[in-house]
Amino acid sequence: MPHRQPRIANEPAVPEHIMSWWVGLLEGDSEGSHPVFGSRLQAKLEEQTLVVTGDLPSEAGRRDLERELRLVAEGRQLQIQNDTTVAPEGEEEQGLLEQTLVAIYDEELHAKLAVEQVKSNPLLRSVRLQILDPQRFGGPAAADGVSRQHVAPTYRRDVQEAVAAGKFVVVATVDETDAFILRELLDEDTRSRQVLVMPPIIAGSAPRPAVATSGARR
Amino acid sequence: MSTSAPPPAADPPSGPPASSAATAAPTEEPARELVARRPRPGFRDILKVVGPGIITGGADNDPAGITTYSVVGAQSGYSQNWLLLLSTPLLIVIQQMAARVGNVTKTDLATSIRIHFGVKVAAIAVLATVIANISTLGADLEMMAAVTGLVTGLKFVYFIVPFSALMAYITIFADYRAFSRVMLWLVAVYATYIVAAVLSHPNWSDALTSTVIPRITTTPAYFLGAVGLLGTTITPYLFFWQTSGEIEERRGVQSIQRTNLDIAAGMVWSNVTAFFILVATGSVLFAHHTTIKTAADAAKALEPFAGPYAQYLFAVGIIGAGLLAIPVLAASTAYSVSGLFGWRRGLPRVARHAPEFYLVLGIALLVGIQFAVSDLDPIKALFYSQVLDGVIAPVLVVLLLLLTSSRKVMGDFTNHRATVVIGWVAVAVLVVADVAMFYSLATNGFPT
């Protein structure tokens, strides 16, 4: 049953698959760990209290969680006990380096779903996304032109071959500190045929996509 | 960054020179230098890193390692000490390369090999590693059961399934990394080898001279010992585990300095412990012409320190090391197979989210149990599992070198020239040892 999400003014909506996870948890039918925080977050229902523990990677993550819990509790006789802490994952500096990943999909639907998952993940702070569609970019010259805009030289042949073979290619660039999350999402959580990870480069030195689809949230 | 290694097949044969960015201006500094200009770790930062590194290095000496060093010391005295000194920088460099694959590519070693060298090469590398891992796992399990049988007086086979069930539970359902921090203290028992070595009154002049000046005896036993010692030191499952560890801990390129320090501290401590095991067994066992045929024989090296309690101390160390190492062996197997097939993987994932990963892990443990309950002599099983590691290690090291020397894969984070040299020296040492071993066995047969 779709979950209606009452909105606080100017507050972004919580993605449907995350709310479904919370609803499933309350109904005793949870599917594994939280879709965003994974095994870092533990949640269980103790009588009428939803007890949430674990450590979150950032203050922004904590705010997102609080928003989710607020929505979960709406219209239910439910107490929330949020015992999570913020424990940043490392001492790495953001904004220093960025990294581009290229995910290759057989089906356009899978590529589009992957893009949606990337855009809706609150842990991916600022993502530049581009889908290379073989119908628009299938000719050699067009594919070459596009990959020159988006892809480092040593990977262009891989991308051109994929597009020429009728595959859908998602090119995503993130801060290097977020590349682990992006790689895991594209490589393991979506139906990609292959994910190519380009080496990190200085932030801002990568080519900008012609159509910038930024998932920037912060 | 210049490289002297031949590029992998995946690199384009011609075209513009590889650069780290499609439109980088010629004056833009490489990303590596930008990262290097970040504040260097202070003394407290070093302690934070080195402390855990030393503890982890101690854990690298699994039951197979302890037994192999003991067998080598008992049969050759101090004559193989020089291999330990030689292998230390090789091991450090190799583990640092494995870590850097994870730091840069954000993906595990098997996946990187598959993407850049093709499925066939990856399948061969993974298959060889899986065979070595499972034989080591089974031998470790057998030894854990054997030492427990030794101190309890019960048949060792009764302990195999309970130990396996415990480790399966810890790895699959519990938080292995939290558990390992506790178990590491059991492994601190191996520090007693240092005391035992001193109390055994070795000929220090002979022991230290043998550490810096090679002494080679052209016998099958010597070469088997050399390959076993190298295989237990430069051990393939640790390459996969190291890379996966960087990914689980989400350590990117900005952590490379700290990771390198952590690895260096750990590997130095691991080999310092191994050195004192060689000295203790050389003094206590070799000097009295005692070979190691059972767990009780291996425990004798601790008698200068622990007297009649040597067996108990040895058992505690072996059990602790086994409880640490066997989950790593099983998980390393699961990581490499899952990476080969592109399955969801990782210990932080629950079983429902990564069913194939945990299935492989479970199968590895089951096959290990089958191995452990067989009639194989545990000492020989442990020793020869490390010889097998020594045979396959050069193949994995070559693949690591090619990956980490490729600008396509590593960008600005390719190997320094010194790393390339040391890496190829490691390959040469391993290959020469392997060839010498096979030749010696072919001409003289297996030692009795």
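Residues numbered from 1 in each chain as written. Chains lettered and ligands numbered in written order. Predicted model: local features only at pLDDT ≥ 70, side-chain atom pairs only at ≥ 80, totals over all residues. Heavy atoms only, no water.

## A word on the overall build of chain A
Regarding its fold elements, chain A presents 7 helices and 10 strands. When contacts within chain A are restricted to residue pairs at least 6 apart in sequence, long-range pairs at least 24 apart make up 74% of them. Total accessible area computed for chain A in this model is approximately 10,100 Å², and 47% of it derives from carbon and sulfur atoms. (Helix = DSSP H or I, 4+ residues; strand = E, 2+ residues; numbered from the N terminus. Contact = heavy atoms within 4.5 Å. Areas by Shrake-Rupley, 256 points an atom, 1.4 Å probe, with all protein chains shown as cover.)

## Points about the overall build of chain B
Secondary structure summary: chain B contains 20 helices and 0 strands in total. Counting over 448 residues, chain B shows a buried share of 59%. At a minimum sequence separation of 6, the contacts of chain B that also span at least 24 residues come to 84%. On chain B, roughly 17,300 Å² of surface is accessible, and the fraction owed to carbon and sulfur atoms is 68%. (Buried < 20%, exposed > 50% of the residue type's maximum accessible area, 1.4 Å probe, protein only.)

## Overview of the domain arrangement of chain A
Residue and element names in this part refer to chain A. One can read the domain layout of chain A as domain 1 (16-86) and domain 2 (97-202). Taken residue by residue, the interface counts 5 residues in domain 1 and 4 residues in domain 2. When domain 1 packs against domain 2, close to 440 Å² is buried across both sides, 72% of that on carbon and sulfur atoms. Our count for the domain 1 to domain 2 interface comes out at 0 salt bridges. Classifying every residue of the side of domain 1 that touches domain 2 by side-chain character gives 3 nonpolar, 1 polar and 1 charged. (Domains from an automatic or database assignment. Buried area = accessible area lost by both parts, 1.4 Å probe. Salt bridge = Lys/Arg side-chain N within 4 Å of Asp/Glu carboxyl O. Nonpolar A, V, L, I, M, F, W, Y, C, P; charged D, E, K, R; others polar.)

## Details of helix 7 (residues 160-172) of chain B
Residue and element names in this part refer to chain B. Compared with an ideal rise of 1.5 Å per residue, which puts 13 residues at 18 Å, helix 7 spans 18 Å between its outermost C-alpha atoms and is within 8% of the ideal. What helix 7 keeps buried is the set Ile160, Phe163, Ser164, Met167, Ala168, Ile170 and Thr171. What you see down the axis of helix 7 is that its buried residues fit within an arc of 165°, all on one side. (Expected span 1.5 Å × (residues − 1). Arc of directions from axis to C-beta.)

## A closer look at the pattern of salt bridges
Scanning the entire structure with this criterion turns up 21 salt bridges over all chains. The salt bridge involving Asp106(A) is made with Lys167(A); its shortest N-O contact spans 2.9 Å. Taken together, the residues Asp106(A) in the loop between strand 5 (97-105) and helix 3 (108-120) and Lys167(A) in the loop between helix 6 (153-164) and strand 7 (168-175) connect sequence positions 61 residues apart. Linking Asp206(B) and Arg215(B) is a salt bridge whose minimum nitrogen-to-oxygen distance equals 3.1 Å. Judged by its relative accessible area of 37%, Arg215(B) is partly exposed. What emerges from the salt-bridge pattern is a single network uniting Arg183(A), Asp187(A), Glu188(A), Asp108(B) and Arg345(B).

## Brief notes about the nonpolar core
Within soluble globular proteins, side chains that are nonpolar generally end up buried alongside one another. Ranked by internal contacts, the top residues of the largest apolar core, which has 137 residues, are Tyr193(B), Phe239(B), Phe314(B) and Leu361(B). Ranked by residues supplied to this core, first place goes to helix 16 (residues 310-341) of chain B with 17 residues. Apart from the residues lying within four places of it in its own chain, the contact partners of Leu361(B) are Thr171(B), Ile172(B), Ala330(B), Ala331(B), Ala334(B) and Leu347(B). Membership of the second largest hydrophobic core comes to 41 residues, among which are Leu41(A), Ala114(A), Leu182(A) and Leu186(A). (Core = buried A, V, L, I, M, F, W, Y, C linked by side-chain atoms within 4.5 Å.)

## Looking at the packing of helix 7 of chain B against helix 17 (residues 355-372) of chain B
Residue and element names in this part refer to chain B. Where helix 7 meets helix 17, the closest approach of the two axes is 11 Å, and the angle between their N-to-C directions is 165°. Considering their axes alone, helix 7 and helix 17 lie roughly antiparallel with respect to each other. As helix 7 runs across helix 17, the sense of the crossing is right-handed. Here helix 7 contributes Ile160, Ser164, Ala168, Thr171 and Ile172 to the contact with helix 17, which in turn contributes Tyr358, Leu361, Leu365, Ile369 and Ala372. In the contact of helix 7 with helix 17, the residues fall into 8 nonpolar, 2 polar and no charged. (Axes fitted to C-alpha atoms, helices over the stretch in contact; angles between N-to-C directions. Parallel < 35°, antiparallel > 145°, perpendicular 65-115°, else oblique. Left-handed = near helix turned anticlockwise from the far one by under 90°.)

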